[in-house]
Amino acid sequence: MVVGQLEEGVDFLVVGAGPGGYAAALRAAQLGRRVTLVDRDGADGAGGVCLRVGCIPSKALIEAADTAEKVRGADKFGIRATLDAVDLKQFQRFKANVVSDLTNGVRGLLKAAKVDIIEGEFRFNGTDKGVVTPAEGQARFLNFKDLVLATGSRPIVLKDLPLDGE
């Protein structure tokens, strides 16, 4: 330990506030563990990429496009409807509300379960130790009993299996 580097004891540490991380944090809290959740975006990261900018916003856009297409094709059912325009600003408001409702729901569950959320990037500095470095402010040194890493993934291209774009 470096002079001035005070470690905080953590019972159950979860790194990543996406679907795997927040589910692990909630379950551990249900089982009586004192849970600390670290995410690069802190509480704003609740739900992860899928909920905030990936899957859920994409599904909202797909649903809007599908609805517009149904209106265009409604005449075959004897329904006379016209589609004057698609208001993308209104769609963005709708999408933002959906994302906000869902992320607020996840944050509410974490708060009710008394999960401590820390904003910053986590790095190991021992087998049961790590440091959380926030974008601003002081680093926090953690000594954890148990850990779940739920940092998501990124696809890679395998050299023997090139992508063909389809």
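In this report, the structure presented in the accompanying data block is examined. (Residues numbered from 1 in each chain as written. Predicted model: local features only at pLDDT ≥ 70, side-chain atom pairs only at ≥ 80, totals over all residues. Heavy atoms only, no water.)

### A look at the state of the cysteines
- Under the criterion given, the structure shown has one disulfide.
- Across a sulfur-sulfur distance of 2.4 Å, Cys50 and Cys55 are joined as a disulfide pair. Across the S-S bond linking Cys50 and Cys55, the dihedral sits near -130°, which makes this disulfide left-handed.
- Under the relative-accessibility criterion, Cys55 is labelled partly exposed at 36%. (Disulfide = S-S within 2.5 Å. Buried < 20%, exposed > 50% of the residue type's maximum accessible area, 1.4 Å probe, protein only.)

### Quick word on the nonpolar core
- Counting residues in each nonpolar core, the largest one holds 15 residues, and the members touching the most others are Val14, Ala25, Val35, Leu37, Leu110 and Val115.
- Those elements that place two or more of their residues in this core are β1 (7-15), α1 (19-30), β2 (35-39) and α4 (88-112).
- Element by element, the count of residues in this core is highest for α1, at four residues.
- If sequence neighbours within four positions are ignored, Ala25 has contacts with Val14, Val35, Leu110 and Val115. (Core = buried A, V, L, I, M, F, W, Y, C linked by side-chain atoms within 4.5 Å. Helix = DSSP H or I, 4+ residues; strand = E, 2+ residues; numbered from the N terminus. Contact = heavy atoms within 4.5 Å.)

### So, the side chain of Asp11
- Its location among the elements puts Asp11 in strand β1.
- Given a relative accessible area of 18%, Asp11 falls into the buried group.
- Side-chain polar atoms of Asp11 contact the side chain of Arg33, separated by 2.9 Å. (Polar contact = N/O pair within 3.5 Å; in protein donor to acceptor, adjacent residues only side chain to side chain.)

### Structural notes on the sheet that holds strand β5 (residues 129-133)
- Read across the open sheet, the six strands follow the order β3-β2-β1-β6-β5-β4; overall the sheet is mixed. Of all the strands in the sheet, just β3 (116-119) and β4 (121-126) have a single pairing partner and so form its edges. On average, each strand axis in the sheet is inclined to that of its neighbour by 45°, with strand direction left out of account.
- Judged from the four bridges that link them, β5 and strand β6 (residues 140-149) form a sheet pairing that is antiparallel. (Pairing = 2+ DSSP bridges. Axes fitted to C-alpha atoms, helices over the stretch in contact; angles between N-to-C directions.)

### Thoughts on the environment of Asp128
- Tracing the sequence through the fold places Asp128 in the loop between β4 and β5.
- For Asp128 and Leu147, which are 19 residues apart along the polypeptide, the C-alpha to C-alpha distance reads 8.4 Å.
- Residue contacts for Asp128: discarding those within four places in its chain leaves Leu142, Asn143 and Phe144.

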